[in-house]
Amino acid sequence: MCVLFQASESKREQFRRYLEKSGVLDTITSVLVALYEESDKPNNALDFIKLHLGAAGPEPADVEALRMELADLQQKCNLLMEENKELRNRLMQYEPSPEEGAAE
């Protein structure tokens, strides 16, 4: 039983050193210190931590604005593609294609 405890303790120590070496412990500690030092504690501590770790995604309002912009740009692109097609067809009425010109 003692050998099993030592093996898990050794793995735990290796993992702790890994976290320390990679800077994870320092980063988490600094975020927790920032949370501790907040005079007005946030309602959701996890959101605070995510935000300060950079893991929080974009704000829902930003996502919705980007979706609307994407839809608008897709519509404009479709209109321009349709206009391009129409103009090419009109141009073909006045100019022969390069294949037709080479055949003459």
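Residues numbered from 1 in each chain as written. Predicted model: local features only at pLDDT ≥ 70, side-chain atom pairs only at ≥ 80, totals over all residues. Heavy atoms only, no water.

If you look the protein up in an unreviewed UniProt entry, it shows as MYC binding protein from Seriola lalandi dorsalis. According to UniProt, the comment filed for the protein under the heading Subcellular location (unreviewed entry) is "Nucleus". Under the UniProt heading Sequence similarities (unreviewed entry), the entry covering the protein gives this text: "Belongs to the AMY1 family." (UniProt positions renumbered as here; feature names shortened; annotations may be inferred.)

**Q** Would you mind going over the overall build of the protein with me for this structure?
**A** If you tally the helices and strands in the protein, you get five helices and zero strands. Each of the 104 residues in the protein was classed as buried or not, and the buried ones make up 6%. Total accessible area computed for the protein in this model is approximately 9600 Å², and 58% of it derives from carbon and sulfur atoms. (Helix = DSSP H or I, 4+ residues; strand = E, 2+ residues; numbered from the N terminus. Buried < 20%, exposed > 50% of the residue type's maximum accessible area, 1.4 Å probe, protein only. Areas by Shrake-Rupley, 256 points an atom, 1.4 Å probe, with all protein chains shown as cover.)

**Q** Please explain the UniProt feature "coiled-coil region" (unreviewed entry) in the protein as it appears in this structure.
**A** As annotated by UniProt and renumbered to match this structure, "coiled-coil region" (unreviewed entry) occupies residues 63-90. From the first C-alpha to the last, residues 63-90 spans 40 Å; its make-up is 100% helix and 0% strand.

**Q** Quick question: what am I supposed to make of the packing of aromatic side chains here?
**A** Taken as a whole, this structure holds one aromatic pair when the rule is applied. Plain terms: the ring middles of F15 and Y18 are 6.0 Å apart, the flat faces sit at 35° to each other, and that makes the pair tilted. Placement of the pair is F15 and Y18 together in helix 1 (residues 2-21), with a separation of three residues, close to one helical turn. Across from the ring centre of Y36, 5.7 Å away, lies the NZ or CZ of K41, which sits over that ring. (Phe/Tyr/Trp six-rings, centres within 6.5 Å; stacked < 30°, edge-to-face > 60°. Lys NZ or Arg CZ within 6 Å of the ring centre and 35° of its normal.)

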